[in-house]
Amino acid sequence: MKKVVKFGGSSLASAEQFQKVGDIIRADKARRYVVPSAPGRRFDNDTKVTDMLYCCYEAAEKGESFKSKLKAIKARYDEIIHGLNLELSLDEEFQTIEEQFKAKAGKDYAASRGEYLNGIIMAHYLGYEFIDSAQVIVFDEDGSYNDDKTMEKLSARLQSVERAVIPGFYGAMENGKVKTFSRGGSDVTGSIVAKAVRADLYENWTDVSGFLVADPRIIFNPEVIETITYRELRELSYMGATVLHEDAIFPVRSMGIPINIRNTNKPQDPGTLIVESTCRQPKYTITGVAGKKGFVAINIEKDMMNSEIGFGRKVLSVFEDNGISFEHMPSGIDTLTVFVHQTEFEEKEQKILAELHRIVTPDLIDLEGDLALIAVVGRGMRATRGTAGRIFSALAHANVNVKMIDQGSSELNIIIGVSNKDFEAAIKAIYDIFVTIQL
């Protein structure tokens, strides 16, 4: 059996955390490929190493002295090395980094050094082979990830390697220039490695015991989701649930490799299993609830709209031409509403309204801002009658006015629009009706 294990920044923030990680890896011989992040925060108000690197490189770009900042970063790594009693020096690596910073090697190069250096320490600590991700993770010249070339290089490189450490977050273009994924991209690297070695399981270790039914900043001690499908996770991640980088789903999904979200500080907890499909019945009718604030609804009214061919296309073309993507578009016989991010819309508000009047000649356009969208997601909703009714009943009881409802044909999710001020109350009401009363 082959497992790829990725550890987040909080799991590798100190020598003590490294030791926990080492114990976890050694406890299962199947954990053969390790993907580390850069050291995270050791305590409240601490600074992540990645942020320290950004700050250091910013000084270098401005032509300012950055030696003290680089020295502070080195001290973080030396603290881990000494805490693990390793015979290892990163002096040469930091000399190279200093030279590259002076040569303006780029922000991506700067940010990637956090994972790179942690990977060297991890490989030394475990006795695993170190593989620089810049040699095996390929980006095109336009900065987009190239899966075909990566699979070719990475699969060939790992074919004869029994155990290896491959740093997360970065790769390189064909010319050798380092390129990073977006923040949290170590999750994506772990998924790519899992695909390349055809792993049986991809374990993603972090500081929570799995994916939670709701945001713990809103719900006190929410329940952990035992099993969730890729599609459910995609819906919740898009609406703000952030345990896993949303792009990390795609590489393993194509191979049917499950993901297990685990807690480094509580390795005995089973965590959340993310799968392509399952016959397991969910514990609750809903799998999770998540949402985002900051939307605006553009309500367009026009008599006989439904008989005008191409009306919806014309409306959406206005938003497309202005570089704005829409979130949802519920409609009636003579009405159509487009939900978009308010911050994006406000910059081009009057221009968009003028173009809508010119292209579709509506009877009325009305705007409503400061809205939130909430996704209630769950494969269990398909087989449960009255789910929408229970949601509306709970929201009414909590004095929350529903601005919009949209349900996909898959019956996997229900999207609800409410005012920003009612967002937290709505989440609590939905969680209570489906989870708390069943406990």
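1. A word on the overall build of the chain
Phase 1: If you tally the helices and strands in the chain, you get 14 helices and 16 strands.
Phase 2: Here the chain has a C-alpha radius of gyration of 25 Å; the compact-globule value for 439 residues is 22 Å, and the two agree.
Phase 3: Taking the principal axes of the C-alpha coordinates as reference, the chain spans close to 75 × 55 × 40 Å.
Phase 4: Going through the 439 residues of the chain one by one, you find that 54% of them count as buried.
Phase 5: Long-range contacts, defined here as pairs at least 24 residues apart, represent 75% of the contacts in the chain between residues at least 6 apart.
Phase 6: For the chain, the exposed area adds up to about 20200 Å²; of that, 46% sits on carbon and sulfur atoms.
Phase 7: The average position of the 53 basic charges and that of the 63 acidic charges among the side chains of the chain differ by 4 Å.

2. As for the layout of surface pockets
Phase 1: When its volume is computed, the largest pocket comes out at roughly 1300 Å³.
Phase 2: What lines the largest pocket is a set of 50 residues, and nearest its centre among them are Thr206, Asp207, Thr242, Val243 and Leu244.
Phase 3: Looking at the lining of the largest pocket, the elements with two or more residues in it are helix H7 (186-196), strand E8 (201-206), helix H8 (230-238), strand E12 (288-301) and helix H14 (423-434).
Phase 4: The calculated volume of the second largest pocket comes to roughly 310 Å³.

3. Re the nonpolar core
Phase 1: Val4, Leu158 and Ile430 are the most contacted members of the largest nonpolar core, which has 75 residues in total.
Phase 2: When neighbours within four sequence positions are excluded, Ile430 is seen to be in contact with Ile286, Val289, Ile374, Val376, Ile391, Leu395 and Ile416.
Phase 3: By size, the runner-up hydrophobic cluster in this structure holds 44 residues, among which are Leu70, Ile73, Phe94 and Ala123.

4. Observations regarding the sheet that holds strand E6 (residues 170-173)
Phase 1: Pairing in this open sheet of three strands is mixed, and the strands run E4-E6-E7 from one edge to the other. Strands with a single pairing partner mark the edges of an open sheet, and in this sheet they are strand E4 (138-139) and strand E7 (178-180).
Phase 2: Relative to E7, E6 runs antiparallel, the two sharing three bridges. Its bridge partner lying in E7, Tyr170 is registered against Thr180.
Phase 3: Where helix H5 (residues 107-126) meets the sheet, its contacts fall on E6 and E7, and the angle it forms with E7 comes to roughly 80 degrees.

5. Quick word on the pairing of strand E1 (residues 3-7)
Phase 1: Across the five residues that make up E1, a large majority, five, are buried.
Phase 2: Residues Lys3, Val5 and Phe7 point to one face of E1 and Val4 and Lys6 to the other, with burial holding for every one of them.
Phase 3: Sheet analysis places E1 next to E8, joined by five bridges and oriented parallel. By the bridge assignment, Lys6 is partnered in E8 with Asn204.
Phase 4: Following the chain from E1 across helix H1 (residues 15-26) to the adjacent parallel strand E2 (residues 31-36), one finds a crossover that is right-handed.

6. As for the state of the cysteines
Phase 1: Under the defined criterion, the tally for this structure stands at zero disulfides.
Phase 2: Of the cysteine sulfurs around Cys55, a residue in no disulfide, the closest is that of Cys56, at 7.4 Å.
Phase 3: Look at Cys56 and you get buried, because its relative accessible area is 0%.

7. Details of the side chain of Arg31
Phase 1: Along the chain, Arg31 falls in strand E2.
Phase 2: At a separation of 2.7 Å, a polar atom in the side chain of Arg31 contacts the side chain of Glu203.
Phase 3: Those residues in contact with Arg31 that sit more than four places away from it in its chain are Lys3, Val5, Ile24, Ile25, Tyr128, Arg163, Glu203, Trp205 and Arg262.

8. A few points about the sheet that holds strand E14 (residues 364-377)
Phase 1: Spatially, the five strands line up as an open sheet ordered E13-E12-E14-E16-E15, and their pairing is antiparallel. Of all the strands in the sheet, just strand E13 (335-341) and strand E15 (404-407) have a single pairing partner and so form its edges. Each neighbouring strand pair of the sheet contributes to a mean axis angle of 35 degrees, computed without reference to strand direction.
Phase 2: The pairing of E12 with E13 spans seven bridges and is classified as antiparallel. Residue Glu301 lies in a different strand from E13, and its bridge partner there is Thr335.

Conventions and cut-offs
- Residues numbered from 1 in each chain as written.
- Predicted model: local features only at pLDDT ≥ 70, side-chain atom pairs only at ≥ 80, totals over all residues.
- Heavy atoms only, no water.
- Helix = DSSP H or I, 4+ residues; strand = E, 2+ residues; numbered from the N terminus.
- Rg over C-alpha atoms; globule rule 2.2 N^0.38 Å.
- Buried < 20%, exposed > 50% of the residue type's maximum accessible area, 1.4 Å probe, protein only.
- Contact = heavy atoms within 4.5 Å.
- Areas by Shrake-Rupley, 256 points an atom, 1.4 Å probe, with all protein chains shown as cover.
- Lys, Arg positive; Asp, Glu negative; His and termini not counted.
- Charge placed at Lys NZ, Arg CZ, Asp CG, Glu CD.
- 1 Å grid on protein atoms, 1.4 Å probe; cavity = no way out; pocket = protein on both sides within 12 Å on 5 of 7 lines; lining within 4 Å.
- Points joined across faces, edges and corners; volume = space filled by probe spheres on them.
- Core = buried A, V, L, I, M, F, W, Y, C linked by side-chain atoms within 4.5 Å.
- Pairing = 2+ DSSP bridges.
- Axes fitted to C-alpha atoms, helices over the stretch in contact; angles between N-to-C directions.
- Right-handed = clockwise from strand over helix to strand, strands pointing away.
- Disulfide = S-S within 2.5 Å.
- Polar contact = N/O pair within 3.5 Å; in protein donor to acceptor, adjacent residues only side chain to side chain.

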